[in-house]
Structure formats: C-alpha cells, structure tokens
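Coordinate analysis (summary)
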Amino acid sequence: MRATFYDRKGQASIKLTAERGVVYEDRVEVEGNVVLTYGDSLKVETQRARWDRKGGRITSEGPVRIETPEGEGVGEGFVCEAHSGRWWMRSVRGQVLAP
C-alpha cells in the first residue's frame, strides 16, 4: 500500500508505504514494514500505524525507529501531524547520533 499526504499548500509532504492496509470511513490502518518519509529530513519505520482522517494525525503505538539528518532514535509510539510534518516520539529508548 502507498499513500501520499499533502500539506496545506497542496504540496506532497509525507509518503507512506506498507505491506497492507484497511481503509475505514474515519481512518486508515496499515501494517507490515510501515515506512513514513518526510522529504530528506525524516524516516520512520514501524510495524503498524494509523491515520486519523478527522485529526490529520498518523500514529503508531508500538516500537518505532526514526532517522533524521542528526541521527537515529528508537522508542515506543509516534505521532506525526500529516499537514505540518511536525512529529514526536512518545517514549525514547535510545539514540545514535551521526558523526
């Protein structure tokens, strides 16, 4: 499954890929090697994620791995505002900084 999310200006901002997904009226749930990318500045890997149409947020409750130009982090739970690209990890377990 592939999806592209757009910012308020209509520009592609977040790309999502997953092995499979289910579309409901109010949400989309994806699972299996879920990868979210936000340009060159953010890459998130997890096994399950959900997009809430009304709130415009992509969330994951399970383990996540995040790559940014500053380094990598792992933790539990992730939230990303699809229209702005703002994101945060709920619980950080570790971080590896790039040299």
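Residues numbered from 1 in each chain as written. Predicted model: local features only at pLDDT ≥ 70, side-chain atom pairs only at ≥ 80, totals over all residues. Heavy atoms only, no water.

Glancing now at the packing of aromatic side chains. Scanning the entire structure with this criterion turns up two aromatic pairs. Ring geometry for phenylalanine 5 and tryptophan 51: centres 5.2 Å apart, planes at 70°, overall edge-to-face. One end of the pair, phenylalanine 5, is in strand β1 (residues 2-6); the other, tryptophan 51, is in strand β5 (residues 42-52), with 46 residues separating them in the sequence. A residue is classified by how much of its surface remains accessible, and phenylalanine 5, at 10% relative accessible area, is buried. Residue classification places tryptophan 51 among the partly exposed residues on the basis of a relative accessible area of 22%. Considering the side-chain rings of phenylalanine 78 and tryptophan 87, the 6.1 Å spacing of their centres and the 25° angle between planes classify their relative orientation as stacked. (Phe/Tyr/Trp six-rings, centres within 6.5 Å; stacked < 30°, edge-to-face > 60°. Helix = DSSP H or I, 4+ residues; strand = E, 2+ residues; numbered from the N terminus. Buried < 20%, exposed > 50% of the residue type's maximum accessible area, 1.4 Å probe, protein only.)

With that settled, the discussion passes to the side chain of serine 60. Mapped onto the elements, serine 60 comes out in strand β6 (residues 57-68). Serine 60 gets classed as buried once you look at its relative accessible area, which sits at 4%. Of note is the side chain of serine 60, whose polar atom sits 2.8 Å from the backbone oxygen of arginine 48. Once you skip the residues sitting within four places of it in the chain, serine 60 turns out to touch Thr46, Arg48, Ala49, Gly77, Phe78 and Arg90. (Polar contact = N/O pair within 3.5 Å; in protein donor to acceptor, adjacent residues only side chain to side chain. Contact = heavy atoms within 4.5 Å.)

Moving on to the nonpolar core. Core analysis: the largest hydrophobic core is formed by 18 residues, its most contacted members being Val30, Leu36, Ile58 and Phe78. Ignoring anything within four residues of it in the chain, the contact list for leucine 36 reads Ile14, Lys15, Leu16, Leu42, Lys43, Val44, Ile58 and Phe78. (Core = buried A, V, L, I, M, F, W, Y, C linked by side-chain atoms within 4.5 Å.)

Under the defined criterion, the tally for this structure stands at 13 salt bridges. Ionic pairing is found between arginine 65 and glutamate 45, a salt bridge with its closest N-O pair at 3.2 Å. Remark: glutamate 45 occurs in strand β5 and arginine 65 occurs in strand β6; sequence separation between them is 20 residues. The exposure class of arginine 65 is partly exposed, given its relative accessible area of 26%. For glutamate 45, a relative accessible area of 26% puts it in the partly exposed group. Between arginine 65 and glutamate 67 there is a salt bridge, with its nearest N and O atoms 2.6 Å apart. A single network of salt bridges, built from pairs that share partners, joins Lys43, Glu45, Arg65, Glu67 and Glu72. (Salt bridge = Lys/Arg side-chain N within 4 Å of Asp/Glu carboxyl O.)

Each C-alpha atom of the pair arginine 65 and glutamate 29 lies 19 Å from the other, and the pair is 36 residues apart in sequence. With residues near it in sequence (within four places) discarded, arginine 65 still touches Lys43, Val44, Glu45, Glu72, Gly73 and Val74.

Predicted coordinates in regions of low pLDDT should not be interpreted in detail. Per-chain confidence: the protein chain averages 87 in pLDDT, with 94% of residues scoring 70 or above. When the elements of the protein chain are averaged for pLDDT, strand β8 (residues 87-97) gives the smallest value, 74, and strand β3 (residues 20-23) the largest, 96. (pLDDT = per-residue confidence, 0-100.)

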